[in-house]
Amino acid sequence: MSKSHYQSPRGTRDILPEEAEKWRWTLNSFAELAQRFGYGQVISPMFEDLGVFLRLGEDTEVVSKEMFTFHDKDPKAPQDLALRPELTASICRAFAQHRPTTPWKVWYEGPQFRYEKPQAGRFRQFVQVGAEIIGEEDPAADIEIITLAWRFYESLGLEHITLLINSLGNRETRGTYNRELSAYLSAASESLSAQSRETLAKNPLRVLDSKREEDLEVISAAPTIQDFLSPEDGNHFESVCDGLTSVGIPFVISPRLVRGLDYYTRTTFEFAADKLQTAQNAVGGGGRYDGLIEELGGPPTQGIGFALGVDRILLACEAEGLQLGDSKPLDVFVVDLTGGSQATQITNEIRAHGFGADRSFGDRSIKAQMKVADRSGALFAIIVGDDELEKNEVTLRDLRGDGSQERVSRSNLVNALDASLKERYSQ
RNA sequence: GUGGCCGUAGCUCAGCCAGGUAGAGCCCCUGUUUGUGGUACAGGUGGUCGCGGGUUCAAAUCCCGUCGGUCACCCCA
């Protein structure tokens, strides 16, 4: 432990092959699903002008405390840079920059970075997949976005996800509600925790997120934003709820769901993994945003989207006992007792025919090589010793069944291997 | 940023309270089996006990500091 001088930076980790297999499968699943829903991929930079993210709201913690920022090497550069802490802002920046026709339906995947203290389900580099519909006000867009996220969880086999949904109204209702809530909480501040009193001064909405025991009573009696919605916003929300019901997606209306990013308006939602026994059990979230694109230099444009945390989703899958991935075992492992050049040629030949093949390196005993062959998970071993070489043959041995083996002529190797594999997979 | 718990072999951990030659299981390597893995048995490799300082004849063990990990608050995916 002391010998390995370096380790991955705090809050980051190496995903090793066994785990990476699950990642690859999961990310592919999302990509295929999103494409089937008619979304196209956007690959945006991992860092942006700092200003892009400042538009998210200077008093959100993600912006004020958790960004990795750095200077451009060019002293004349007008802006500092920041690793992206989320992707909606980048997508909106891209929209404002390229002005594609609307509705613009896009999906993305990739790492994001937040300077936080790590804990279960929280990392400094974490991966999200997400989707956005930009330039569409129709509640059907809200419904489709939520459906896409829901079908993704389903496709992984997750069964214990709760969809929480709320409407934050427009900017005006949000402002009105904010004042009302603030007044209510101030009046009751005697019974609030010290931390909540601090939060109250900065952002009353977020007091509703408190998990502290002493706050629960005050919070549960607080006015809810539902009572302040304009008729239009109320109708929009109702349409979204009705639509979700019509496509069979269960949800829980959660009047106190406010979420951390300030840009949300109207529909907001969150997905909680019920089997995740950690503090961080939100595996996804999203909502509508007004004004964000305008802030970034685009025309006034509506948008709705979500981001799902892949790190946490995989934790949730583990908590539900799901086996992810569909990797096939290696077809064959070549054991060469004649020095290694036969293994080089044979693997080259059968790989060229599309089979999966591996071999060992170094001049090792048959016993050692067979051991490696077994560990590789390969279905068959091809053994070449002096005897085979002399007769221009190889030995083809079944590693997963009864260990039977046969002599095969070198020229017929590919056919024999093909036949043996077909037989094995037909069982 | 605040707090709890934990740092001993590649991995999982015992030993620490009552200081006295650094251990187990798994993994890996070798042999039993001179051309055969997966089972069994036998043997072997591998550790400045996170790091620095202090106490002591003697520190993995006691004390102080520090770094790292982990979990929780906060916040969020």
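What counts and what doesn't
- Residues numbered from 1 in each chain as written.
- Chains lettered and ligands numbered in written order.
- Predicted model: local features only at pLDDT ≥ 70, side-chain atom pairs only at ≥ 80, totals over all residues.
- Heavy atoms only, no water.
- Pairing = 2+ DSSP bridges.
- Helix = DSSP H or I, 4+ residues; strand = E, 2+ residues; numbered from the N terminus.
- Buried < 20%, exposed > 50% of the residue type's maximum accessible area, 1.4 Å probe, protein only.
- Core = buried A, V, L, I, M, F, W, Y, C linked by side-chain atoms within 4.5 Å.
- Contact = heavy atoms within 4.5 Å.
- Domains from an automatic or database assignment.
- Axes fitted to C-alpha atoms, helices over the stretch in contact; angles between N-to-C directions.
- Parallel < 35°, antiparallel > 145°, perpendicular 65-115°, else oblique.
- Left-handed = near helix turned anticlockwise from the far one by under 90°.
- Nonpolar A, V, L, I, M, F, W, Y, C, P; charged D, E, K, R; others polar.
- 1 Å grid on protein atoms, 1.4 Å probe; cavity = no way out; pocket = protein on both sides within 12 Å on 5 of 7 lines; lining within 4 Å.
- Points joined across faces, edges and corners; volume = space filled by probe spheres on them.
- Phe/Tyr/Trp six-rings, centres within 6.5 Å; stacked < 30°, edge-to-face > 60°.
- Lys NZ or Arg CZ within 6 Å of the ring centre and 35° of its normal.

**Considerations on the sheet that holds strand β4 (residues 81-83)**
Phase 1 of the analysis: One open sheet holds the three strands; their spatial order is β2-β4-β3, and the pairing between them is antiparallel. Of all strands in the sheet, those bounded by a partner on one side alone are β2 (47-49) and β3 (69-70).
Phase 2 of the analysis: Direction of pairing for β2 relative to β4: antiparallel, over a ladder of three bridges. The residue of β4 that forms the bridge with Asp49 is Leu81.

**With respect to the pairing of strand β5 (residues 104-113)**
A regular strand places its side chains on the two faces of the sheet in alternate fashion.
Phase 1 of the analysis: For β5, the buried fraction is high: eight of the 10 residues fall into the buried class.
Phase 2 of the analysis: Across two bridges, strand β1 (residues 40-41) lies against β5 in parallel orientation. By the bridge assignment, Gln41 is partnered in β5 with Trp107.

**Section: the nonpolar core**
Phase 1 of the analysis: In terms of nonpolar packing, the biggest core is built from 45 residues, with Phe269, Phe271, Val283, Phe306, Leu308 and Ile313 touching the most fellow members.
Phase 2 of the analysis: Broken down by secondary-structure element, the contributors of at least two residues to this core are α1 (17-36), β6 (125-134), α5 (139-156), β7 (161-167), α9 (231-246), β9 (264-273), β11 (303-309) and α11 (310-319).
Phase 3 of the analysis: The dominant element in this core, judged by the number of residues it contributes, is α5, at 10 residues.
Phase 4 of the analysis: Apart from residues no more than four positions distant in its own chain, Ile313 is found in contact with Phe152, Tyr153, Leu156, Leu158, Val283 and Leu308.

**Structural notes on the domain arrangement of chain A**
Phase 1 of the analysis: Entries for chain A in the domain assignment read domain 1 (17-169 + 229-319) and domain 2 (332-426).
Phase 2 of the analysis: Relative to domain 2, the C-alpha centre of domain 1 lies at a distance of 49 Å.

**Points about the packing of α1 against α5**
Phase 1 of the analysis: Relative to each other, α1 and α5 sit at 140°, their axes nearing to 10 Å. The orientation of α1 with respect to α5, classified from their angle, is oblique. The way α1 lies across α5 gives a crossing that is right-handed. Within the contact between the two elements, α1 uses Trp25, Thr26, Ser29, Phe30, Leu33 and Ala34 and α5 uses Leu148, Arg151, Phe152, Ser155 and Leu156.
Phase 2 of the analysis: Along the lines of polarity and charge, the residues of the contact of α1 with α5 split into seven nonpolar, three polar and one charged.

**Structural notes on the layout of surface pockets**
Phase 1 of the analysis: In this structure, the second largest pocket spans a volume of roughly 360 Å³.
Phase 2 of the analysis: Taken together, 19 residues make up the lining of the second largest pocket; nearest its centre are Leu56, Gly57, Arg171, Asp262 and Tyr263.
Phase 3 of the analysis: Residue assignment for the lining of the second largest pocket shows that the elements contributing at least two residues are α6 (171-187), β9 and α10 (292-295).
Phase 4 of the analysis: Among the elements that take part in the lining of the second largest pocket, α6 stands out by supplying three residues, more than any other.
Phase 5 of the analysis: Taken together, the residues of the lining of the second largest pocket sort by class into six nonpolar, five polar and eight charged.

**A word on the sheet that holds β7**
Phase 1 of the analysis: Across the sheet, which stays open at both edges, the eight strands sit in the order β1-β5-β6-β11-β10-β9-β7-β8 with mixed pairing between neighbours. The open sheet has two edge strands with one neighbour each: β1 and β8 (252-253).
Phase 2 of the analysis: Across the sheet, α9 is in contact with β7, β8, β9 and β10 (282-289); its angle to β7 comes to roughly 160°.
Phase 3 of the analysis: The strands touched by α11 are β6, β9, β10 and β11; relative to β11, the strand with the most contacts, the crossing angle is about 55°.

**Remarks on unusual backbone geometry**
Phase 1 of the analysis: The amide bond that connects Thr102 to the next residue, Pro103, takes the cis arrangement and shows omega of -5°.
Phase 2 of the analysis: Along the chain, Pro103 turns up in the loop between α4 (88-98) and β5.
Phase 3 of the analysis: A positive phi angle, near 50°, is found at Arg266, a position not held by glycine.
Phase 4 of the analysis: Within the fold, Arg266 resides in strand β9.
Phase 5 of the analysis: On the basis of relative accessibility, which here comes to 11%, the residue Arg266 falls in the buried class.
Phase 6 of the analysis: The phi torsion at Asn392 lies on the positive side, around 60°, for a residue other than glycine.
Phase 7 of the analysis: Among the secondary structure elements, Asn392 is positioned in the loop between α14 (386-391) and β15 (393-398).
Phase 8 of the analysis: Classification of Asn392 as exposed rests on a relative accessible area of 51%.

**As for empty space enclosed by the protein**
Phase 1 of the analysis: Enumeration according to the criterion identifies one cavity of 30 Å³ or more in this entry.
Phase 2 of the analysis: As a volume, the largest cavity reaches approximately 40 Å³.
Phase 3 of the analysis: Taken together, Arg174, Asn203, Leu205, Arg206, Val258, Arg259 and Asp262 make up the lining of the largest cavity.
Phase 4 of the analysis: Taken together, the residues of the lining of the largest cavity sort by class into two nonpolar, one polar and four charged.

**Quick notes on the packing of aromatic side chains**
Two measures describe an aromatic ring pair: the distance that separates the ring centres and the angle between the ring planes.
Phase 1 of the analysis: All chains considered together, the criterion is met by 11 aromatic pairs.
Phase 2 of the analysis: With 5.8 Å between their ring centres and 70° between their planes, Phe47 and Phe70 make a pair best called edge-to-face. Taken together, the positions of Phe47 in strand β2 and Phe70 in strand β3 put the pair 23 residues apart, joining distant regions of the chain.
Phase 3 of the analysis: For Phe70, a relative accessible area of 33% corresponds to the partly exposed category.
Phase 4 of the analysis: Measuring from centroid to centroid gives 5.7 Å for Phe269 and Phe271, while their planes differ by 70°, and the two rings are edge-to-face.
Phase 5 of the analysis: Classification of Phe269 as buried rests on a relative accessible area of 0%.
Phase 6 of the analysis: Members of the aromatic cluster, joined through ring pairs, are Phe30, Trp107, Trp150, Phe152, Tyr153, Phe269, Phe271 and Phe306.
Phase 7 of the analysis: Over the ring of Phe123 we find Arg13; its NZ or CZ atom is 4.1 Å from the centre of that ring.
Phase 8 of the analysis: Across from the ring centre of Tyr115, 3.9 Å away, lies the NZ or CZ of Arg124, which sits over that ring.

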